[in-house]
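Fold and geometry: a report
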Amino acid sequence: MGIVAAMAYDAKRDSELVALDTQHLFEASTTRVGLRKGTFLRSYAYRLIEMFAPQLNEAAIASQLREVA
């Protein structure tokens, strides 16, 4: 028995698991990512941020990281 976040559960892949709605048991939480301007990010870092915030893409993130002269 265990608890897995909804974002980690895939009905097709995890066909041997049973998914139960537990929203009434847990408070919502917010994930924040902080980056310093001018930071170089590798592609996997962009992908991770996109997983947290799908509305952002690499171009939008990179434009925010550029140093303002």
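Presented here is a report on the structure given in the accompanying data block.

Cut-offs used in this document
- Residues numbered from 1 in each chain as written.
- Predicted model: local features only at pLDDT ≥ 70, side-chain atom pairs only at ≥ 80, totals over all residues.
- Heavy atoms only, no water.
- Helix = DSSP H or I, 4+ residues; strand = E, 2+ residues; numbered from the N terminus.
- Rg over C-alpha atoms; globule rule 2.2 N^0.38 Å.
- Buried < 20%, exposed > 50% of the residue type's maximum accessible area, 1.4 Å probe, protein only.
- Contact = heavy atoms within 4.5 Å.
- Lys, Arg positive; Asp, Glu negative; His and termini not counted.
- Charge placed at Lys NZ, Arg CZ, Asp CG, Glu CD.
- Core = buried A, V, L, I, M, F, W, Y, C linked by side-chain atoms within 4.5 Å.
- Salt bridge = Lys/Arg side-chain N within 4 Å of Asp/Glu carboxyl O.

Points about the overall build of the protein
- Of the regular secondary structure elements, the protein holds 2 helices and 0 strands.
- In terms of overall dimensions, the protein is more spread out than a globule: its C-alpha atoms have a radius of gyration of 17 Å, far above the 11 Å expected for 69 residues.
- When the 69 residues of the protein are sorted by exposure, 12% land in the buried category.
- Contacts spanning at least 24 positions in sequence make up 33% of the contacts within the protein whose residues lie at least 6 apart.
- In the protein, the 8 positive side-chain charges and the 8 negative ones have mean positions that sit 12 Å from each other.

Considering the nonpolar core
- Judged by nonpolar contacts, Leu-41, Ala-45, Tyr-46, Ile-49, Ile-61 and Leu-65 together constitute the single largest core of 6 residues.
- Elements represented by at least two residues in this core include exactly α1 (43–52) and α2 (58–65).
- Here the element with the most residues in this core is α1; it accounts for 3 residues.
- Once residues lying within four places of it in the same chain are set aside, the contact partners of Ile-49 are Val-33, Leu-35, Leu-41, Leu-56 and Ile-61.

What to know about the pattern of salt bridges
- A full pass over the atoms with the stated rule returns 3 salt bridges.
- For Asp-14, the salt bridge identified is with Arg-13, shortest N-O distance 2.9 Å.
- Judged by its relative accessible area of 15%, Asp-14 falls in the buried class.
- You can call Arg-13 exposed: its relative accessible area is 56%.
- The partner of Arg-47 in a salt bridge is Glu-58, and the shortest N-O contact between them spans 2.8 Å. One end of the pair, Arg-47, is in helix α1; the other, Glu-58, is in helix α2, with 11 residues separating them in the sequence.
- Residue classification places Arg-47 among the partly exposed positions, given a relative accessible area of 34%.

Comments concerning the environment of Gln-23
- Of note, Gln-23 is situated in the segment before α1.
- Placed 20 residues apart in sequence, Gln-23 and Ile-3 show a C-alpha to C-alpha distance of 12 Å.

Let's talk about the environment of Arg-36
- Residue placement: Arg-36 occurs in the segment before α1.
- Using a relative accessible area of 68% as the deciding quantity, one classes Arg-36 as exposed.
- Each C-alpha atom of the pair Arg-36 and Ile-3 lies 34 Å from the other, and the pair is 33 residues apart in sequence.

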